[in-house]
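Take a look at the letters that make up each chain.
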Amino acid sequence: MREIVLDTETTGISPQDGHRLVEIGCLELFNHVATGKVYHTYIDPERDMPEGAFRVHGLSEEFLRGKPKFADVADEFLEFIGGDPLVIHNASFDMGFINAELKKIGRTPLPMSRAIDTLDMARRKFPGSQNNLDALCRRFNVDNSGRTRHGALLDSELLAEVYLELMGGRQPGLVLQADAGGTGAGTRRVARESRPVALAPRLSDEERAAHDAFVATLGEDALWLAVKG
């Protein structure tokens, strides 16, 4: 099953107030495992950048000027996400902005039924607790030390980790490496952290001794003894 973890950055809170998208970041999961394929782009919002929004994501009007407009990237964005479920934290916010941009260029909006809202998942699982992305990273020991400001691709990577925890837990090391020639504005490999503390051994001393005694009866030609040697 293919899913797309998605995040955006914007010039403000509501597209109804004239605010626009400035960044989209997407990350592909297959059977809940990151494949390494991502889509990322900055977008020229064709307007000023309010100070409050700049403090959140650090994307200035000067930096965004000359970047592609949404109409220029819509096809490759839609091609990357395909018809697959979209994993989003506070889905109504991001979907509202994406659909406002699609409407501006005469494209069909994305149905909300495609969205898997991790904020709703977290609220059901931890009622009464803080459930923003930083709080969930702390809860699940997801390293967000690089998140000094919001960023659509970084936040998608963190959200992918949080989503897997909300689904029942990560499986470290099970990362499918995608070919470099992916779709969209760029692809790159996403490394998953190895387990910071090794699991405790599951064999007792008695079980280990019994195993060693059994192996000794097999003689020196046993295949795994030869390999081990």
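Residues numbered from 1 in each chain as written. Predicted model: local features only at pLDDT ≥ 70, side-chain atom pairs only at ≥ 80, totals over all residues. Heavy atoms only, no water.

Peer 1: I keep staring at unusual backbone geometry and nothing clicks. Help me out?
Peer 2: Across residues other than glycine, the phi torsion is negative in most instances, and most of the peptide bonds are trans. The backbone of Asn31 shows a phi angle near 50 degrees, a positive value even though the residue is not glycine. Here Asn31 shows up in the loop between strand 2 (21-30) and strand 3 (33-42). For Asn31, a relative accessible area of 48% puts it in the partly exposed group. (Helix = DSSP H or I, 4+ residues; strand = E, 2+ residues; numbered from the N terminus. Buried < 20%, exposed > 50% of the residue type's maximum accessible area, 1.4 Å probe, protein only.)

Peer 1: Help me understand the side chain of Asp44, please; the structure alone is not making it clear to me.
Peer 2: Examined against the element boundaries, Asp44 turns out to sit in the loop between strand 3 and helix 1 (51-57). Of the side chains with opposite charge, Lys69 lies nearest to the buried Asp44, which makes no salt bridge, at 4.2 Å. There is a polar contact of 3.4 Å between the side chain of Asp44 and the backbone nitrogen of Gly66. (Lys, Arg positive; Asp, Glu negative; His and termini not counted. Salt bridge = Lys/Arg side-chain N within 4 Å of Asp/Glu carboxyl O. Polar contact = N/O pair within 3.5 Å; in protein donor to acceptor, adjacent residues only side chain to side chain.)

Peer 1: Explanation requested: helix 3 (residues 70-81) in the structure shown.
Peer 2: Taking 1.5 Å per residue as the helical rise, helix 3 with its 12 residues ought to reach 16 Å, and the 15 Å between its terminal C-alpha atoms agrees with that figure. Taken residue by residue, helix 3 has Phe70, Val73, Ala74, Phe77, Phe80 and Ile81 as its buried positions. With its buried residues spanning 140 degrees around the axis, helix 3 presents them on a single face. Turned more than 90 degrees off the buried face of helix 3, the exposed positions are Asp72, Asp75 and Glu79. Close packing links the buried residues of helix 3 with strand 1 (2-10), strand 2, strand 3, strand 4 (86-88) and helix 4 (91-104). Positive phi appears at Gly82, one or two residues downstream of helix 3, with a value of about 55 degrees. (Expected span 1.5 Å × (residues − 1). Arc of directions from axis to C-beta. Contact = heavy atoms within 4.5 Å.)

Peer 1: Can you help me understand the packing of aromatic side chains in this one?
Peer 2: Two descriptors summarise a pair of aromatic rings, namely the distance from one centre to the other and the angle between the planes of the rings. Applying the stated criterion across every chain yields a total of 5 aromatic pairs. A centroid spacing of 6.1 Å and a plane angle of 45 degrees characterise the contact between Tyr39 and Phe77, whose relative ring orientation is tilted. Of this pair, Tyr39 sits in strand 3 while Phe77 sits in helix 3, and the two are 38 residues apart along the sequence. Phe77 matches Tyr39 in its accessibility class, with the two residues each being buried. Plain terms: the ring middles of Phe126 and Phe140 are 6.0 Å apart, the flat faces sit at 55 degrees to each other, and that makes the pair tilted. You can see Phe126 sitting in the loop between helix 5 (118-125) and helix 6 (133-140) and its partner Phe140 sitting in helix 6, a full 14 residues away along the chain. (Phe/Tyr/Trp six-rings, centres within 6.5 Å; stacked < 30°, edge-to-face > 60°.)

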